[in-house]
Amino acid sequence: MARKPITISPAKARAIWLKAQKLDEAAPFGSGPAAAGAAVAHLGYVQIDTINVIERCHHHILYSRIPDYRRGDLAHLQSVDKSIFEYWTHALSYVPTGDLRFFVPAMKAYRDKPSAWFGTVSKAEVSAMKKRLREEGPLSIRDIDDDELVEKNHPWASRKPSKRVLQLMFYQGLVAISAREGMVKTYDLIERHFGWDGGPKPATERQVTAYLLDRALKSQGLVSLDSICHLNAPAKKAVRELIEARVKRRALVPVSIEGADKAPHWAEPAVFEAELASADRVHVLSPFDPLIIQRKRLKLFFGYDHLFEAYVPAEKRVMGYFALPVLLGDRVVAAVDLKTDRGAGKLLVQKWTWLEDVGAEARAAVDDELGRFERFQLGS
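Because the structure is predicted, anything quoted here is derived from the model rather than measured. Position labels on residues start from 1 in each chain and follow its written sequence. A pLDDT threshold of at least 70 governs which residues receive local features in this predicted model, and a stricter bar of 80 or more applies before side-chain atom pairs are shown or counted, although totals over entire chains, interfaces and linings include all residues. Excluding hydrogens and water, the side-chain figures rest on all heavy atoms present in the structure.

Colleague: Hey, could you run me through the pairing of strand β8 (residues 253-257) in this one?
Modeller: Both faces of the sheet carry side chains from a regular strand, because those side chains alternate between them. Here's how the labels work: a residue is buried when its accessible area is under 20% of the maximum for its type, exposed when over 50%, partly exposed in between, all with a 1.4 Å probe on protein chains only. Counting from the N terminus, the helices are the DSSP runs of H or I reaching at least four residues and the strands are the DSSP runs of E reaching at least two. The element β8 is largely enclosed, with a buried count of 5 among its 5 residues. Of the two faces of β8, both are covered, the one formed by Val-253, Val-255 and Ile-257 as well as the one formed by Pro-254 and Ser-256. Alignment of strand β1 (residues 6-8) against β8, held across 3 bridges, turns out to be parallel. Of the residues in β8, the one forming a bridge with Ile-8 is Ile-257. Note: two strands are recorded as paired if DSSP finds a minimum of 2 bridges between them. In this sheet, strand β9 (residues 260-267) lies alongside β8 in antiparallel orientation, the contact comprising 4 bridges. Looking at β9, one finds that Ile-257 is bridged to Ala-260. Connecting the antiparallel pair β8 and β9 is a turn made up of 2 residues, with Gly-259 showing a positive phi of about 85 degrees.

Colleague: I tried to follow the nonpolar core on my own but got confused; where do I start?
Modeller: Across soluble globular proteins, you tend to see nonpolar side chains buried next to one another. Here, nonpolar core refers to any group of buried Ala, Val, Leu, Ile, Met, Phe, Trp, Tyr and Cys residues whose side-chain atoms link them within 4.5 Å. Core analysis: the largest hydrophobic core is formed by 88 residues, its most contacted members being Leu-62, Ile-228, Ile-243 and Phe-373. It only takes one pair of heavy atoms within 4.5 Å for two residues to be counted as in contact. Leaving out residues up to four positions away in the same chain, Leu-62 has contacts with Ala-36, Ala-39, Val-40, Val-46, Tyr-69 and Leu-74.

Colleague: Help me understand the packing of aromatic side chains, please; the structure alone is not making it clear to me.
Modeller: Aromatic rings in a pair are described by how distant their centres are and how their planes are angled relative to each other. A pair of Phe, Tyr and Trp rings is counted when the ring centres sit within 6.5 Å of each other, with Trp represented by its six-membered ring. The angle between the planes then sorts it: under 30 degrees is stacked, over 60 is edge-to-face, the rest tilted. The tally for this structure, following the rule as stated, stands at 21 aromatic pairs. Their ring planes at 75 degrees and their centres at 5.1 Å tell us that Phe-170 and Tyr-171 sit as a pair that is edge-to-face. Across this residue pair, the class does not change: Phe-170 and Tyr-171 are buried. A centroid spacing of 6.3 Å and a plane angle of 45 degrees characterise the contact between Phe-288 and Phe-322, whose relative ring orientation is tilted. One end of the pair, Phe-288, is in the loop between β10 (282-284) and α12 (295-302); the other, Phe-322, is in the loop between α12 and β11 (323-328), with 34 residues separating them in the sequence. In terms of burial, Phe-288 and Phe-322 fall into one category: buried. Connected via pairs of aromatic rings, a cluster forms that spans Phe-85, Tyr-87, Trp-88, Phe-102, Phe-103, Tyr-110, Phe-170, Tyr-171 and Tyr-211. Whether a charge sits over a ring depends on NZ of Lys or CZ of Arg being within 6 Å of the ring centre and within 35 degrees of the ring normal. Looking at Arg-363, its charged tip hangs above the ring of Trp-354, at a distance of 4.3 Å from the centre.

Colleague: Teacher, can you tell me more about empty space enclosed by the protein here?
Modeller: Gaps left between atoms are located by rolling a probe of water-molecule size over the structure's atoms. Of the two site types, the cavity is a set of points on a 1 Å grid over the protein atoms alone where a 1.4 Å probe fits but cannot get out, and the pocket is an open set with protein on both sides within 12 Å along at least five of seven lines, each lined by residues with an atom within 4 Å of a point. Grid points are joined across faces, edges and corners, and a volume is the space filled by probe spheres set on the points. Counting across every chain of the model gives 3 cavities of 30 Å³ or more. Volume-wise, the largest cavity comes out at about 60 Å³. As for the largest cavity, its lining consists of Phe-85, Glu-86, Tyr-87, Met-107, Phe-170, Gly-173, Val-175, Ala-176, Ile-177, Ile-190 and Phe-194. Among the elements of the structure, β3 (84-88), β6 (175-181) and α8 (190-194) are those that each provide at least two residues to the lining of the largest cavity. Split into classes, the residues belonging to the lining of the largest cavity amount to 9 nonpolar, 1 polar and 1 charged. Residues are grouped as follows: nonpolar covers Ala, Val, Leu, Ile, Met, Phe, Trp, Tyr, Cys and Pro; charged covers Asp, Glu, Lys and Arg; every other residue, Gly included, is treated as polar.

Colleague: I tried to follow helix α9 (residues 205-220) on my own but got confused; where do I start?
Modeller: In an α-helix there are 3.6 residues to a turn, and that puts residues three or four apart on one side. Multiplying one less than the number of residues by 1.5 Å gives the expected span of a helix. Look at α9: 22 Å from first C-alpha to last across 16 residues, which is about the 22 Å you get at 1.5 Å a residue. Among all positions of α9, only Thr-209, Ala-210, Tyr-211, Leu-212, Leu-213, Arg-215, Ala-216, Leu-217, Ser-219 and Gln-220 are buried. Phi turns positive, to about 75 degrees, at Gly-221, one or two residues after α9.

Colleague: What's the story with the sheet that holds strand β2 (residues 46-47) in this structure? I'm lost.
Modeller: Within a beta sheet, neighbouring strands are joined by backbone hydrogen bonds and run either parallel or antiparallel to one another. The sheet built from 3 strands is open, its strands ordered β2-β4-β3 with antiparallel pairing. Taken across any chain shown, the strands that pair with only one partner, and hence form the sheet edges, are β2 and β3. Here β2 runs beside strand β4 (residues 92-96); their pairing, made up of 2 bridges, is antiparallel. Looking at the pairing, Val-46 lines up with Tyr-94 of β4. Here an angle of 0 to 180 degrees is reported between the N-to-C directions of two axes, which are lines fitted to C-alpha atoms, with helices fitted over the stretch in contact. Along the sheet, helix α2 (residues 32-43) makes contact with β2, β3 and β4, crossing β4 at roughly 105 degrees.

Colleague: Can you walk me through the sheet that holds β1 in this structure?
Modeller: Sheet architecture is open: 3 strands sit in the order β1-β8-β9, paired in mixed fashion. Of all the strands in the sheet, just β1 and β9 have a single pairing partner and so form its edges. When strand polarity is set aside, the average angle formed by the axes of neighbouring strands in this sheet is 35 degrees.

Colleague: What is the right way to read the pairing of β4 from this model?
Modeller: Counting buried positions along β4 gives 5 out of 5 residues, so the element sits mostly inside the fold. Residue alternation in β4 divides its side chains into two sets, Leu-92, Tyr-94 and Pro-96 and Ser-93 and Val-95, and both sets are buried. As defined by bridge partners, β3 adjoins β4 across 5 bridges and the pair is classed as antiparallel. Bridging from a neighbouring strand, Glu-86 pairs with Tyr-94 of β4. The loop that links β3 with its antiparallel partner β4 comprises 3 residues.

Colleague: Just checking my understanding: could you explain the packing of helix α1 (residues 10-20) against α12 for this structure?
Modeller: Two quantities define a packed helix pair, namely the angle between the helix axes and the distance between the axes. Where α1 contacts α12, the axes come no closer than 8 Å and their chain directions differ by 130 degrees. Of the possible angle classes, the one that applies to α1 and α12 is oblique. Residues Pro-10, Ala-13, Arg-14, Trp-17 and Leu-18 of α1 touch α12, and the partners they reach there are Arg-297, Leu-298, Phe-301 and Phe-302. Among the residues forming the contact of α1 with α12, the class breakdown is 7 nonpolar, no polar and 2 charged. Working rule for angles: under 35 degrees goes down as roughly parallel, over 145 as roughly antiparallel, 65 to 115 as roughly perpendicular, anything else as oblique.

Colleague: Just to check I follow, could you spell out the packing of α2 against helix α4 (residues 71-81) for this structure?
Modeller: Packing of α2 against α4 brings their axes to within 8 Å, and their N-to-C directions diverge by 70 degrees. Looking at the two axes, α2 sits roughly perpendicular to α4. The segment α2 lies against α4, with Gly-32, Pro-33, Ala-36 and Gly-37 engaging Asp-73, His-76 and Leu-77.

Note that every value here comes from positions in space, so none of it alone points to a role or purpose.
Next up, the structure:
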């Protein structure tokens, strides 16, 4: 017999999600590199993106949860501790190294059947690049100056064939990104970077499915098939079967959000026993923040439809090129399009869109947070 869902209000759904995202506390992870590592481990992954009109999103996401976050903390984790690594989740992301075994099957799939995205890369080219890395040590594409340049076949492509080879080797798990300066990546042989004699044991399909579900439960509190399998539709069937098995043994409970009966959700029973703080904090969030990136979920929980308009013609933009949602408590109350003028040492407001009248006191709180955000943009 199917279990009857627990029905909760949208306000409670938001509170559960904010708690899971650690946006309801001042400094939930502490400070320093250990805090950044704990944040990546809790969130499961932190997305990386190239847009830098303000600080890039991987730093921004961590800053939103670590008040005294420093960019060097992430570099330390990647290049010194080696407790995080870069790989593809739904996008290029930082992931805890402890989770690397769940990505080994995907790496093997790229070795067995390379994607056409990389063009034609021969085994000889891969072997030659391995040899070069062994002899010369870690390399960035800037270190390779003997390529015969080719025409680009895509706006994001490179004229250097070596970049295509390194990118394929990265997805195949043959090299790791050992360091990053802005968007310039340094590659090293993966076994040398991590000091392996042999790599981690690959996770089974069932283990990967459980990883996807458990990662979402930890960072989202309330989960749906779409939120667990964001941009990963092939995983939905196995995840759904695992959810049903856990519901049957009462490890998960079905949840219905008032007004959204056709969007089934699930949660662990402990979620409803935890004390939910009254959310009154202000956050200027990245459009790639885990709270924002899944647009349908954001609209369902918050009633806010975020517009990402970086690739929209200027004359058609509503909120601006890189609008950032402003979270006040459990409401998205504004969207502000910002640009950092590092030469002038200030944060420029390109456009401000208030979504509701919040009153003078709340506006002052938003202004205070914007000032803190500016100091972060201009700091080290």
